[in-house]
Amino acid sequence: MTLLIGSLQLGLIYGVMVLGIYISFRILNIPDLTAEGSFTFGLATAAIFTTAGHPFLGILASLVAGALAGCVTGLLQTKLNIHPVLTGILTMSGLYSINTVVLGGTPNLTLIGKETIFTLAQSAFPMLEREAVKLLMAVLVSVVCTVALVAFFRTRLGLCIRATGDNADMVKASSINVDRMKCIALALSNGLIALCGGLIAQYQSFADINSGVGILVVGLASVIIGEAFFGKRSVTIGFISAIFGSVVYRYIIA
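This is a predicted model, so every value here is computed, not measured.

A.B. asks: Which residues make up the overall build of the protein, and what values do they have?
C.D. replies: Check the secondary structure of the protein and you find 11 helices and two strands. Counting helices and strands in the order they occur from the N terminus, the protein gives α-α-α-α-β-α-α-α-α-α-β-α-α. Over its C-alpha atoms the protein spans a radius of gyration of 18 Å, differing by no more than 12% from the 18 Å that the globule rule assigns to 254 residues. Reported as C-alpha extents along the three principal axes, the dimensions of the protein are approximately 60 × 40 × 30 Å.

This is the structure we're talking about:
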């Protein structure tokens, strides 16, 4: 039972990262390799703020850090006309050094004994067991992110991003700034990935410089598994399938 609940918790939390992968891979049709660097960037940023006694600020900072990483990738693509795959590799490689600096020059950092959003939630709901509180937090985060994304991609800006992924030439002919749409989408994508990293740091109570290795493969596998069940339909179904695929992937690993 512990294994099943733990896998569900991780599946829902990593689902936030899969949502980010879905945006770049399916909506924008860009193979963004920044994910491995931005995930660790968010993880390291959240860990530093958490050790300083600011767990909620750490989660917010991880989101901002990932968005900045996505902006760098977007600018390399749009302003320097570098191939999308190469821009992701460049940003990911550069972030390794930045992540090391953020962690204070150490390869890992422990958060044991520090207040996290999970321990604070446990204090707020003492009548619930620790694993139940973690599951509740995981469900809350995944639902909030999914609903927010569904609402965003129904706005004019969201529709412009979706149109950019479908046909950039048509969007450009409609006087929409394609470069700006790509930068916003990549910032949103990597912001979610980094947010997941921050949540994982507080969930597992430690941060490691190599935590992001292979995270892109995990995200792509989860997207594909979700689509195998739900198919490729609307964006709303796509986000739901991404979360579902993440949970299934964790159960397969378990």
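A.B. asks: I'd like a description of the nonpolar core, backed by residues and values.
C.D. replies: In terms of nonpolar packing, the biggest core is built from 62 residues, with Met-17, Phe-39 and Phe-239 touching the most fellow members. The element best represented in this core is helix α9 (residues 178-204), accounting for 12 residues. Each residue touching Phe-239, except ones within four places of it in the same chain, is listed here: Leu-19, Tyr-22, Ile-23, Ile-27, Thr-146, Leu-149, Val-150 and Phe-153.

A.B. asks: With reference to specific residues and values, describe the pattern of salt bridges.
C.D. replies: Oppositely charged side chains can form a pair if their charged atoms are brought close together. Using the criterion set out here, one finds two salt bridges in the structure. Note that Arg-130 is salt-bridged to Glu-131, the shortest N-O span being 3.8 Å. Under the relative-accessibility criterion, Glu-131 is labelled partly exposed at 26%.

A.B. asks: Give me the side chain of Glu-227: which residues, what numbers.
C.D. replies: Turning to its location among the elements, Glu-227 is positioned in helix α10 (residues 215-230). With sequence-adjacent residues up to four places away left out, Glu-227 is seen in contact with Tyr-22, Arg-26, Lys-232 and Ser-241.

A.B. asks: Can you explain the packing of helix α6 (residues 130-152) against helix α11 (residues 235-253)? Please cite residues and give values.
C.D. replies: The relative placement of two packed helices comes down to the angle between their axes together with the axis-to-axis distance. Two elements in contact, α6 and α11, have axes whose closest approach is 9 Å; the angle formed by their N-to-C orientations is 160°. By the angle between their axes, α6 is roughly antiparallel relative to α11. α11 is crossed by α6, and the crossing has right-handed handedness. Contact with α6, carried on its side by Ser-142, Thr-146, Leu-149 and Val-150, involves Thr-236, Phe-239 and Ile-243 of α11 and no other residues of that element. Residue composition of the contact of α6 with α11, grouped by class: four nonpolar, three polar and no charged.

A.B. asks: Describe in detail the environment of Thr-45, supporting the description with residues and values.
C.D. replies: Tracing the chain through its elements places Thr-45 in helix α2 (residues 35-51). A sequence separation of 54 residues divides Thr-45 from Asn-99, and the C-alpha atoms of the two residues are 8.2 Å apart. Look past the residues within four positions of Thr-45 in its chain and what remains in contact with it is Ala-61, Ser-62, Ala-65 and Val-102.

A.B. asks: Break down the environment of Ile-27 for me, citing the residues and quoting the values.
C.D. replies: With respect to the helices, strands and loops of the structure, Ile-27 is situated in helix α1 (residues 2-27). The buried category is assigned to Ile-27, whose relative accessible area is 7%. Along the primary structure Ile-27 and Phe-152 are separated by 125 residues, whereas in three dimensions their C-alpha atoms are 13 Å apart. Discounting chain neighbours no more than four positions away, the residues touching Ile-27 are Tyr-22, Phe-153, Ile-161, Arg-162, Gly-165, Val-235 and Phe-239.

Definitions and cut-offs
- Residues numbered from 1 in each chain as written.
- Predicted model: local features only at pLDDT ≥ 70, side-chain atom pairs only at ≥ 80, totals over all residues.
- Heavy atoms only, no water.
- Helix = DSSP H or I, 4+ residues; strand = E, 2+ residues; numbered from the N terminus.
- Rg over C-alpha atoms; globule rule 2.2 N^0.38 Å.
- Core = buried A, V, L, I, M, F, W, Y, C linked by side-chain atoms within 4.5 Å.
- Buried < 20%, exposed > 50% of the residue type's maximum accessible area, 1.4 Å probe, protein only.
- Contact = heavy atoms within 4.5 Å.
- Salt bridge = Lys/Arg side-chain N within 4 Å of Asp/Glu carboxyl O.
- Axes fitted to C-alpha atoms, helices over the stretch in contact; angles between N-to-C directions.
- Parallel < 35°, antiparallel > 145°, perpendicular 65-115°, else oblique.
- Left-handed = near helix turned anticlockwise from the far one by under 90°.
- Nonpolar A, V, L, I, M, F, W, Y, C, P; charged D, E, K, R; others polar.

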